[in-house]
Structure formats: structure tokens, C-alpha cells
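Residue-level listing of the chains:
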Amino acid sequence: QVQVVESGGGLVQPGGSLRLSCAASGNFFSIGDMGWYRQKSGNQRELVATITSSGNTNYVDSVKGRFTISRDNAKNTVALQMNSLKPEDTAVYYCKAIVALTTPSRQYQYWGQGTQVTVSS
């Protein structure tokens, strides 16, 4: 069984910073891409940032230059440093991990439970 757990959400003023963390645990062969997604009230879940196991990153345009995704392969963790936060960043943020359970060719996606980020004065 694989578990993905996020932490680090909260309330922050516009212009402030937050750091989200996510850890994957359990029995598996390897972890591939990891990423952060968010779901604003009344909207569909959207990609925020992803990172491959080799460190290649991808960001949605609205967060480029403000958010930084990083990972520690040895600890099976991924983080999202969010700076210069705006009210429109308010959402529930979800971590996703692509996990190979037994062999590299059989991969499954696992989601965390989500963490609320609220940007408001």
C-alpha cells in the first residue's frame, strides 16, 4: 500500500510565502514524476508544477517565477515553495506521485488528501 501525505498549508497574507511538503511511503519499486495540483472552489483540479525523477520541472504559467518545486529522491518527498502569493492562489493543493509498485512498466498514480492554502488579508 502506498500513502501520499501533504503538509504545510494555511492562511497567509498577499505577498507572503508558504512551503508545502509531500511524502510518499509504503512498499513500491520506484517513484516517477511527482507533482502539485490545485483545485479552486467551483473549478476543476489543475496542474501547478511537476518534477521528474531526474529533476526536470514544469510549471503552469500563472506561477512561474513565484513557485519552485523540488524533490528528495532518497526521502521520497516533494516540496512546493510558494512566494509572492496572491489571493487567486487560494485553493486546496494536492500532491500526486506516479509509483511503480513492482516493475517500472506498471505505474499507478497516488494522490494525497489535499491541504488548504488561503491567501487573504
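Each value, and the rule that gives it
Residues numbered from 1 in each chain as written. Predicted model: local features only at pLDDT ≥ 70, side-chain atom pairs only at ≥ 80, totals over all residues. Heavy atoms only, no water. Phe/Tyr/Trp six-rings, centres within 6.5 Å; stacked < 30°, edge-to-face > 60°. Helix = DSSP H or I, 4+ residues; strand = E, 2+ residues; numbered from the N terminus. Buried < 20%, exposed > 50% of the residue type's maximum accessible area, 1.4 Å probe, protein only. Lys NZ or Arg CZ within 6 Å of the ring centre and 35° of its normal. Salt bridge = Lys/Arg side-chain N within 4 Å of Asp/Glu carboxyl O.

### Considering the packing of aromatic side chains
Step number 1: Using the criterion set out here, one finds 1 aromatic pair in the structure.
Step number 2: Seen in terms of ring centroids, Y37 and W111 are 5.0 Å apart; in terms of plane orientation they differ by 65°. Their pairing is edge-to-face. With a gap of 74 residues between them, Y37 in strand β4 (residues 30–39) and W111 in strand β10 (residues 107–111) connect regions that are remote in the sequence.
Step number 3: Among the residues examined, Y37 registers a relative accessible area of 12% and is labelled buried.
Step number 4: Above the ring of Y94, the side-chain terminus of R45 is found at 3.6 Å from the ring centroid.
Step number 5: Directly above the aromatic system of W111 lies the positively charged group of R45, at a separation of 4.6 Å from the ring centroid.

### Section: the pattern of salt bridges
Step number 1: Counted under the stated rule, the structure contains 4 salt bridges.
Step number 2: Here D89 ties to R38 by a salt bridge, and the two come within 3.0 Å at their closest N and O atoms. In this pair, D89 sits in the loop between β8 (77–82) and β9 (91–100) while R38 sits in strand β4, placing the two residues 51 residues apart along the sequence. No difference in accessibility class separates D89 from R38, as the two residues are buried.
Step number 3: Among the salt bridges present, the one from R66 reaches D89, with a minimum N-O distance of 2.8 Å. Placement of the pair is R66 in the loop between β6 (57–59) and β7 (67–72) and D89 in the loop between β8 and β9, with a sequence separation of 23 residues. In this structure, R66 and D89 share a single accessibility class: buried.

Honestly, it's all geometry; don't read function into it.
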